[in-house]
Amino acid sequence: FKETDPLFVIDLVDPKQPKVLGELKIPGFSNYLHPLDDNHLIGIGYDTESRVDEYSKEPLILTTGMKLSLFDITDFTNPKEQDTVIIGGRGTYSEIQNNHKALFRNENYNYFGFPITLYEEKGKYDVEYKGNGAQVYEITVANGIQLKGDLVTPPKEGEQYEEWEKLVLRLLYIDDTLYTVSRN
């Protein structure tokens with residue numbers, strides 16, 4: 001990984017001789033890919049940007065906000081990023097980046113959700129805490145990625161960072177109610 005993380009479509013009909021059929025180079029990278037249907041993938045990762053370090057004058061690649069992508073692999077030789085949403089800024093993260101079990105799914109409504117801690121850039125190098133909670137998106141081929149539920153609690157006055165024991169770890173339904181679960 002330097003500036004882009006390619007999405008490869010690989011033919012595994014003959015596992016001893018895999019063939020790359022197509023490749024898509026996009027800014028950022030996906031830590032987790034989830035099938036939406038036979039021809040579409042959801043990618044969850046980070047967006048990136050290239051900067052020049054003020055002191056060393058060397059190129060510097062920084063992760064910015066979380067990236068939620070909808071990939072169309074209908075044409076194996078020409079995969080496409082059909083839709084994308086950048087969530088928050090540098091410092092934003094989610095348990096889904098490291099643990100696929102943090103993904104909430106409601107197949108009836110095409111809802112996909114995950115815990116999230118939001119930060120936004122403040123100046124060139126600083127970040128500002130914007131809250132902790134969860135977000136739920138409707139993801140469909142026809143409409144792309146649509147935010148359906150923002151369950152992020154903004155920080156209290158003077159709160160600069162999230163509280164570890166209050167971080168949302170999972171989302172779940174009980175009857176018709178959506179719950180978030182944290183350590184406390």
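First, a word on what this report is: a plain description of the structure on this page. (Residues numbered from 1 in each chain as written. Predicted model: local features only at pLDDT ≥ 70, side-chain atom pairs only at ≥ 80, totals over all residues. Heavy atoms only, no water.)

Helices and strands together make up the secondary structure of the chain, namely zero helices and twelve strands. For the C-alpha atoms alone, the extent of the chain along its principal axes is close to 55 × 55 × 30 Å. Across the chain, the fraction of contacts at a sequence separation of at least 24, relative to all contacts at a separation of at least 6, is 49%. When the accessible surface of the chain is summed, it comes to about 11,100 Å², and 49% of that surface belongs to carbon and sulfur atoms. (Helix = DSSP H or I, 4+ residues; strand = E, 2+ residues; numbered from the N terminus. Contact = heavy atoms within 4.5 Å. Areas by Shrake-Rupley, 256 points an atom, 1.4 Å probe, with all protein chains shown as cover.)

Attention shifts here to the sheet that holds strand β10 (residues 144–150). Spatially, four strands are ordered β7-β8-β9-β10 in an open sheet, and the strand pairing comes out antiparallel. Of all strands in the sheet, those with a lone pairing partner are β7 (104–106) and β10, marking the two edges. Here the strands of the sheet are splayed against their neighbours by 45° on average, with no regard to which way each runs. Note: strand β8 (residues 111–122) against strand β9 (residues 126–140), twelve bridges, orientation antiparallel. By the bridge assignment for β9, E120 is matched with E128. (Pairing = 2+ DSSP bridges. Axes fitted to C-alpha atoms, helices over the stretch in contact; angles between N-to-C directions.)

Attention shifts here to the pairing of strand β11 (residues 168–174). In this structure, β11 lies alongside strand β12 (residues 177–182), joined through six bridges in antiparallel fashion. In the sheet register, I174 faces β12, and the bridge partner there is T177. Between the antiparallel neighbours β11 and β12 lie two residues, among them D175 with a positive phi of about 55°.

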